[in-house]
Amino acid sequence: MVSTLLQDHHLRSEAVTKLAVTVGPGSFMGVRVGLSFGKGFAFARKLPTVGVTSLQALWLSAPPGATGYALIDARRGQIYGQAFGKGADHGPFLLGEDEVREKVGDLEGQTLIGSGVSLLNKERESDGPLVPDMALMAQFAKDHAPTDLRPLYLRPPDATPASPPKAIS
């Protein structure tokens, strides 16, 4: 996919000088695959990396100066979210739909971006894209200092290691 993207834009891989990678929250496997690819690509090319939360990546599409939330459907009646703009004083969260409604309060006048918006109100659509804009992520990376790529998990994985087999006597 990266090769196709570069070809479509008539670029060679050497044109990539910094790499932005979403670090979560999201599906456990999706986060792991994305980080593994990003780390491998960056290591092979000796590139600096910038980790961007999935919520930050969505919020990059918000109008300048907007206040509101990036919200992602986390399934199981839960939403990943984060407040942005004036008065945003907390990092990413994972809450049930009712708890998010209480936290967000009145939806009027707020910018709400992401797949979790329709869970709060079936008649309200996202004020931005449901997936991050790669061009905006590239600009974000260009403007920010390199960071380590570490996953952001807000809930434990569903899969757990198997128990060792019991000895048969």
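Placed above this text is the structure.
No experiment lies behind these values; they were computed from the predicted model shown. (Residues numbered from 1 in each chain as written. Predicted model: local features only at pLDDT ≥ 70, side-chain atom pairs only at ≥ 80, totals over all residues. Heavy atoms only, no water.)

What follows covers unusual backbone geometry. For the bond from G24 to P25, the omega torsion is 0°, close enough to zero to count as cis. Tracing the backbone through its elements, the reader meets P25 in the loop between β1 (19-22) and α2 (28-45). The phi torsion at H10 lies on the positive side, around 55°, for a residue other than glycine. Position of H10 relative to the elements: it lies in the loop between α1 (2-8) and β1. Residue classification places H10 among the exposed positions, given a relative accessible area of 75%. (Helix = DSSP H or I, 4+ residues; strand = E, 2+ residues; numbered from the N terminus. Buried < 20%, exposed > 50% of the residue type's maximum accessible area, 1.4 Å probe, protein only.)

Considered for burial, the residues of helix α6 (residues 134-143) that qualify are M137, F140 and A141. In a view along the axis of α6, the buried residues occupy a sector of 95°, so they form one face of it. Residues of α6 that are exposed and point more than 90 degrees away from the buried face comprise A135, K142 and D143. Those residues of α6 that are buried lie in contact with β1, β2 (49-52) and α3 (54-59). (Arc of directions from axis to C-beta. Contact = heavy atoms within 4.5 Å.)

Quick look at the sheet that holds strand β6 (residues 111-113) now. In space, the four strands of this open sheet follow the order β5-β4-β3-β6, with mixed pairing throughout. Of all strands in the sheet, those with a lone pairing partner are β5 (93-96) and β6, marking the two edges. Sheet twist, expressed as the average angle between the axes of neighbouring strands with direction ignored, equals 30°. Looking at chain direction, strand β3 (residues 68-75) and strand β4 (residues 78-84) are connected through seven bridges and run antiparallel. (Pairing = 2+ DSSP bridges. Axes fitted to C-alpha atoms, helices over the stretch in contact; angles between N-to-C directions.)

The subject of this paragraph is the pairing of β2. Where β1 and β2 come together, four bridges link them in parallel fashion. The residue bridging V21 from the neighbouring strand is G51, located in β2. As a crossover connection, the stretch from β1 through α2 into β2 is right-handed. (Right-handed = clockwise from strand over helix to strand, strands pointing away.)

Throughout the structure, instances matching the rule amount to four aromatic pairs. Its end group placed over the ring of F93, K103 keeps NZ or CZ at 5.1 Å from the ring centre. (Phe/Tyr/Trp six-rings, centres within 6.5 Å; stacked < 30°, edge-to-face > 60°. Lys NZ or Arg CZ within 6 Å of the ring centre and 35° of its normal.)

Under the criterion given, the structure shown has six salt bridges. Between D98 and R101 there is a salt bridge, and its shortest N-O distance comes to 2.7 Å. Of this pair, D98 and R101 both sit in helix α4 (residues 97-104), three residues apart, which is roughly one turn of that helix. Among the residues examined, R101 registers a relative accessible area of 32% and is labelled partly exposed. Beyond isolated ion pairs, a larger network of salt bridges with shared partners links E97, D98 and R101. (Salt bridge = Lys/Arg side-chain N within 4 Å of Asp/Glu carboxyl O.)

Moving on, we get to the side chain of T111. Locating T111 in the fold gives a position in strand β6. Overall, T111 belongs to the buried group, its relative accessible area being 13%. Aside from chain neighbours lying at most four places away, what touches T111 is W59, A62, P63, A66, T67, G68, Y69, R124 and D127.

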